[in-house]
Amino acid sequence: AKDGTLWFSTLNKGICTLDKNGNTRSYSTSDGLLDNNVWGFLLDSKGRVWAGGQKGVSLLENGKITNFTLTMIGARERITTIEEDRGGKIWFGSN
């Protein structure tokens, strides 16, 4: 992130951060993520965090989590990749 925070996706513990002072923070299903198994991950140009998994995509923006299920985004299987194009559109890839 622009402030030096490192973001990590995991396959069993959701999303974790490590800031420049060594402080950690994690986000999981208990915080509102759809899934703790994060296969696709993106920190976009607006500073938003996208996490894709077997149930859909979670968006973390300004400390709030918004979820988009597979049905909502038109996917049949887990989200394995998330990308942003030059125009700022977010794209999801599924298997």
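Rules and cut-offs
- Residues numbered from 1 in each chain as written.
- Predicted model: local features only at pLDDT ≥ 70, side-chain atom pairs only at ≥ 80, totals over all residues.
- Heavy atoms only, no water.
- Helix = DSSP H or I, 4+ residues; strand = E, 2+ residues; numbered from the N terminus.
- Rg over C-alpha atoms; globule rule 2.2 N^0.38 Å.
- Buried < 20%, exposed > 50% of the residue type's maximum accessible area, 1.4 Å probe, protein only.
- Contact = heavy atoms within 4.5 Å.
- Areas by Shrake-Rupley, 256 points an atom, 1.4 Å probe, with all protein chains shown as cover.
- Pairing = 2+ DSSP bridges.
- Axes fitted to C-alpha atoms, helices over the stretch in contact; angles between N-to-C directions.
- Salt bridge = Lys/Arg side-chain N within 4 Å of Asp/Glu carboxyl O.

**Q** Pulling in residues and values, what's your account of the overall build of the protein?
**A** From N to C terminus, the protein includes one helix and nine strands. Rg of the C-alpha trace for the protein: 13 Å, near the compact-globule value of 12 Å for 95 residues, within the 12% margin. Oriented by its inertia axes, the alpha-carbon framework of the protein measures out at about 40 × 30 × 20 Å. Across the 95 residues that make up the protein, the buried fraction comes to 34%. Contacts in the protein between residues far apart in sequence, at least 24 positions, make up 32% of those at least 6 positions apart. Approximately 6,000 Å² of the protein is accessible, and the part contributed by carbon and sulfur atoms is 47%.

**Q** Account for the sheet that holds strand S1 (residues 6–9), with residues named and values stated.
**A** Read across the open sheet, the three strands follow the order S1-S2-S3; overall the sheet is antiparallel. Across the chains shown, the open sheet's two edge strands, defined by having one partner strand only, are S1 and strand S3 (24–27). Ignoring which end each strand starts from, the neighbouring axes of this sheet average 20° apart. Strand direction decides the pairing type here: S1 and strand S2 (residues 15–18), joined by four bridges, are antiparallel. The partner of tryptophan 7 across the bridge, within S2, is threonine 17.

**Q** Before we move on, could you go through the pattern of salt bridges and cite the residues and values that matter?
**A** Tallying each qualifying case throughout the model produces two salt bridges. Two residues, arginine 25 and aspartate 31, come together in a salt bridge whose shortest N-O distance is 4.0 Å. Judged by relative accessible area, which is 37%, aspartate 31 ranks as partly exposed.

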